[in-house]
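A closer look at the structure
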Amino acid sequence: MRRDDFTLVHPLRVRWAEVDMQHVVFNANYLMYFDVAIAEYWRTIENDGEHDFHDDYMKLYSVKATIEYHGAARYDELIDVACRLARLGRSSMTFAFGIWRGPEHLASGEVVYVHVEPGAKKGTPIPERLHAAMLA
């Protein structure tokens, strides 16, 4: 994974509540960092309020998440969380994530989401307007 593979990079500062007894970021908090990056992704494709996809992406459910740890962030360090669309299917999508402290690659991961309409018991097609915006 290379940092240059990502166009969306969001800076974060590690907060005290995010570190554990070893004084490094608690492992589950990396998923929270991924979630912050995906929120920034949606904000970006909405094009600063020009489009409103809120109702569309609020119907996405995470079905799989993976993390690989390559290093550890510590309290008050500035880290960069990167996000990109890795795969877009008919009813699901996969996002790739990377976390860096300067040039050091700390973590990488993936989250798979499935689009589900209310009341449906399985994946439903991603709305065309959201599909098109994600590809753009």
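This text follows the structure it describes.
First, a word on what this report is: a plain description of the structure on this page. (Residues numbered from 1 in each chain as written. Predicted model: local features only at pLDDT ≥ 70, side-chain atom pairs only at ≥ 80, totals over all residues. Heavy atoms only, no water.)

**So, the overall build of the chain**
Assigned secondary structure in the chain consists of three helices and five strands. Walking the chain from its N terminus toward its C terminus, one meets helices and strands in the order β-α-α-β-β-β-β-α. Its C-alpha atoms give the chain a radius of gyration of 16 Å, within 12% of the compact-globule value 14 Å for 136 residues. Projected onto the principal axes, the alpha-carbon positions of the chain cover approximately 45 × 30 × 25 Å. Long-range contacts, defined as pairs at least 24 residues apart, comprise 66% of the intrachain contacts of the chain with a sequence gap of at least 6. Split by element, the accessible area of the chain, about 7,900 Å² in all, is 52% carbon and sulfur. In the chain, the 15 positive side-chain charges and the 20 negative ones have mean positions that sit 6 Å from each other. (Helix = DSSP H or I, 4+ residues; strand = E, 2+ residues; numbered from the N terminus. Rg over C-alpha atoms; globule rule 2.2 N^0.38 Å. Contact = heavy atoms within 4.5 Å. Areas by Shrake-Rupley, 256 points an atom, 1.4 Å probe, with all protein chains shown as cover. Lys, Arg positive; Asp, Glu negative; His and termini not counted. Charge placed at Lys NZ, Arg CZ, Asp CG, Glu CD.)

**Focus on the packing of helix α1 (residues 29–45) against helix α3 (residues 128–135)**
Interhelical geometry of α1 versus α3 gives an angle of 100 degrees and a closest axis separation of 10 Å. In terms of their interaxial angle, α1 and α3 are classed as roughly perpendicular. Note on element contacts: α3 touches α1 through L130, A133 and M134, opposite Y41, W42 and I45. A class-by-class count of the residues in the contact of α1 with α3 yields six nonpolar, no polar and no charged. (Axes fitted to C-alpha atoms, helices over the stretch in contact; angles between N-to-C directions. Parallel < 35°, antiparallel > 145°, perpendicular 65-115°, else oblique. Nonpolar A, V, L, I, M, F, W, Y, C, P; charged D, E, K, R; others polar.)

**So, α1**
Three- or four-residue spacings in an α-helix give side chains the same orientation, since the helix completes a turn every 3.6 residues. The first and last C-alpha atoms of α1 sit 25 Å apart over 17 residues, in line with the 24 Å expected at 1.5 Å per residue. Listing the buried residues of α1 in full gives N29, Y30, Y33, F34, A37, I38, Y41, W42 and I45. Backbone geometry just after α1 places N47 at a positive phi near 60 degrees. (Expected span 1.5 Å × (residues − 1). Buried < 20%, exposed > 50% of the residue type's maximum accessible area, 1.4 Å probe, protein only.)

**Focus on the sheet that holds strand β4 (residues 92–101)**
Ordered in space as β1-β3-β4-β5-β2, the five strands form an open sheet in which the pairing is antiparallel. Each of the sheet's edge strands pairs with one partner strand only, and the pair in question is β1 (8–13) and β2 (60–69). Averaged over all pairs of adjacent strands, the angle between their axes in this sheet comes to 25 degrees, without regard to strand direction. Of the strand pairs in this sheet, strand β3 (residues 78–88) and β4 are connected by eight bridges, and their pairing is antiparallel. If you follow C83 over to β4, its bridge partner there is F97. Taken strand by strand, α1 contacts β1, β2, β3, β4 and β5 (104–115), and its axis lies near 115 degrees from that of β4. Set on the sheet, α3 makes contact with β3 and β4; between it and β3 the angle comes to about 120 degrees. (Pairing = 2+ DSSP bridges.)

**Topic: the environment of H70**
Considering the arrangement of structural elements, one finds H70 in the loop between β2 and β3. C-alpha of H70 to C-alpha of L106: the two residues are 36 residues apart in sequence and 4.8 Å apart in space. With residues up to four places along the chain from it excluded, the contact list for H70 reads H105, L106, A107 and S108.

**Quick look at the layout of surface pockets**
Taken as a whole, the largest pocket holds about 230 Å³ of empty space. Within the residue set of the lining of the largest pocket, elements represented by two or more residues are α1, β3 and α3. Of the residues assigned to the lining of the largest pocket, the class counts are eight nonpolar, two polar and two charged. (1 Å grid on protein atoms, 1.4 Å probe; cavity = no way out; pocket = protein on both sides within 12 Å on 5 of 7 lines; lining within 4 Å. Points joined across faces, edges and corners; volume = space filled by probe spheres on them.)

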